[in-house]
Amino acid sequence: MEGMPADRRPRVLSGAQPTADSYHLGNYFGAFKQWVALQDEFEAFYFIPDLHAITVEYDPAQLRERTYIAAAQLLAAGVDPSRSALFVQSHVPEHAQLAWILGGITGFGEASRMTQFKDKSAKNGSDSASVGLFTYPILMAADILIYQADRVPVGEDQRQHVELTRNLAQRFNHRFGETFVVPEAHIVKATAKIYDLQDPTAKMSKSSLSPNGVVSLLDSRKQVTKKIRSAVTDSGSEITWDPTGKPGIANLLSIYSALTDQPIDSIVKQYEGQQYGHLKVALADLVADFVESFGNRTRELLDDRGELDRILAQGALQAREVASKTLELVYERSGFVRGIQA
């Protein structure tokens with residue numbers, strides 16, 4: 001790609017929306033732990049998508065606070081500002097600028113087929129859906145392409161967004177000349193797929209029907225213990241690995257394995273002949289220890305907003321250094337007059 005060193009490290013980009021008061025255990029093991037590992041191999045760009053967060057009704061003060069919490073939790077998880085650019089999406093205006101250009105080459109039918117828009121507009125009615133929600137996948141494509149990212153770590157449910165991004169990159173390259181790296185989805189092999197404690201057939205999610213099904217990374221020790229001990233289990237009493245027949249116990253074993261790095265087989269052997277309650281008591285302590293430590297690190301970071309601002313500003317500078325070069329090339333290829341810039 002023009003202007004890009006051939007020997008540069010491959011780039012990875014991902015983001016996590018600040019749409020809850022805390023991330024949860026599923027976010028940590030499903031994404032953040034892998035993001036931290038990817039810092040060793042890739043030039044990493046991790047961001048908090050506050051522009052995406054305003055495509056639905058929201059409270060400004062709450063968004064601001066949740067953005068700080070998100071930044072603190074990503075740092076607590078191990079995102080290292082000396083090895084990655086950690087930044088807030090709205091601090092890098094090139095995201096929105098590129099999204100407008102990409103909107104000009106995206107078909108209306110193409111955008112309307114995106115699953116997220118279809119699901120949300122069907123749920124609440126298309127009249128209540130914002131234009132921002134409709135164009136959300138185009139902004140997501142801009143998030144990726146502005147950094148010429150080689151890989152995008154996503155769950156299987158986000159593969160469609162990466163496919164749209166690839167299509168737009170190829171379309172732009174075909175019409176205007178080689179400009180974008182065409183990214184690959186990096187489907188993360190989660191350390192463990194964490195399911196809802198009250199409905200172990202559904203993944204742990206902030207939109208869970210029961211708050212008792214979700215372990216928040218800012219829960220108190222008492223809350224964590226209560227949630228694990230009251231987790232739904234299955235008929236019978238033998239502790240075995242059977243995700244289909246015993247999804248409740250399988251979920252608890254997955255969490256245990258993720259926290260201890262023990263193979264599930266050895267955990268099953270360890271609890272041979274014991275009741276579900278024994279596993280729950282031990283797991284409750286393990287999860288409570290982890291969440292308590294994580295929460296303490298997060299709160300320490302939140303106590304120094306000046307330092308958080310400094311880290312996010314540094315990340316935005318790193319990000320803009322790359323994003324501005326991409327945007328300048330896009331503008332030139334798009335036919336915009338590039339005279340003396342104000």
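This structure is a prediction, so every number in the text was calculated from the model and none was measured.

Counting its regular elements, the protein chain contains 13 helices and five strands. In terms of overall size, the protein chain behaves like a compact globule, its C-alpha atoms giving a radius of gyration of 22 Å where 342 residues would be expected to give roughly 20 Å. Considered along the principal axes of its C-alpha atoms, the protein chain spans approximately 75 × 45 × 40 Å. In the protein chain, 76% of the contacts between residues at least 6 apart in sequence involve partners at least 24 apart. For the protein chain, the computed accessible surface area is about 16500 Å², with 52% contributed by carbon and sulfur atoms. Across the protein chain, the 36 positively charged side chains and the 42 negatively charged ones have centroids separated by 2 Å.

Quick look at the UniProt feature "binding site: L-tryptophan" (unreviewed entry) in the protein chain now. In the numbering used here, UniProt assigns the feature "binding site: L-tryptophan" (unreviewed entry) to Asp143. For Asp143, a relative accessible area of 2% gives the class buried. Leaving out residues up to four positions away in the same chain, Asp143 has contacts with Leu13, Phe47, His52, Gln89 and His95. Polar side-chain contacts of Asp143 include one of 2.7 Å to the side chain of His52.

The next subject is the layout of surface pockets. Computed from the structure, the second largest pocket encloses a volume of approximately 370 Å³. Surrounding the second largest pocket, 17 residues form its lining, Ala99, Trp100, Thr135, Ile138 and Leu139 being those nearest its centre. Mapped onto the lining of the second largest pocket, the elements with two or more residues apiece are helix 4 (94-103), helix 5 (108-112) and helix 7 (131-145). The element contributing the most residues to the lining of the second largest pocket is helix 7, with six residues. A class-by-class count of the residues in the lining of the second largest pocket yields 11 nonpolar, six polar and no charged.

Attention now goes to the side chain of Asp143. Assignment of secondary structure puts Asp143 in helix 7. Buried within the structure, Asp143 lacks any salt-bridge partner; Arg320 is the closest side chain of opposite charge, at an N-O distance of 13 Å. Among the polar contacts listed, one links the side chain of Asp143 to the side chain of His95, at a separation of 2.7 Å.

The next thing to look at is helix 10 (residues 247-260). Compared with the 20 Å implied by 1.5 Å per residue over 14 residues, the 20 Å span of helix 10 between its first and last C-alpha is a close match. For helix 10, the buried fraction is high: 12 of the 14 residues fall into the buried class. Of the surrounding elements, those touching the buried residues of helix 10 are helix 1 (25-38), helix 11 (264-270) and helix 12 (276-302).

On to the nonpolar core, then. By size, the foremost hydrophobic cluster in this structure holds 58 residues, and its most contacted members are Leu25, Val215 and Val287. Element by element, the count of residues in this core is highest for helix 12, at 10 residues. Discounting residues that sit within four places of it in the chain, Val215 has contacts with His24, Leu25, Leu197, Met204, Val224, Lys227, Ile228, Val287 and Val291. Phe47, Val92, Leu102 and Tyr331 belong to the second largest nonpolar core, which has 36 residues in total.

Calculation rules
Residues numbered from 1 in each chain as written. Predicted model: local features only at pLDDT ≥ 70, side-chain atom pairs only at ≥ 80, totals over all residues. Heavy atoms only, no water. Helix = DSSP H or I, 4+ residues; strand = E, 2+ residues; numbered from the N terminus. Rg over C-alpha atoms; globule rule 2.2 N^0.38 Å. Contact = heavy atoms within 4.5 Å. Areas by Shrake-Rupley, 256 points an atom, 1.4 Å probe, with all protein chains shown as cover. Lys, Arg positive; Asp, Glu negative; His and termini not counted. Charge placed at Lys NZ, Arg CZ, Asp CG, Glu CD. UniProt positions renumbered as here; feature names shortened; annotations may be inferred. Buried < 20%, exposed > 50% of the residue type's maximum accessible area, 1.4 Å probe, protein only. Polar contact = N/O pair within 3.5 Å; in protein donor to acceptor, adjacent residues only side chain to side chain. 1 Å grid on protein atoms, 1.4 Å probe; cavity = no way out; pocket = protein on both sides within 12 Å on 5 of 7 lines; lining within 4 Å. Points joined across faces, edges and corners; volume = space filled by probe spheres on them. Nonpolar A, V, L, I, M, F, W, Y, C, P; charged D, E, K, R; others polar. Salt bridge = Lys/Arg side-chain N within 4 Å of Asp/Glu carboxyl O. Expected span 1.5 Å × (residues − 1). Core = buried A, V, L, I, M, F, W, Y, C linked by side-chain atoms within 4.5 Å.

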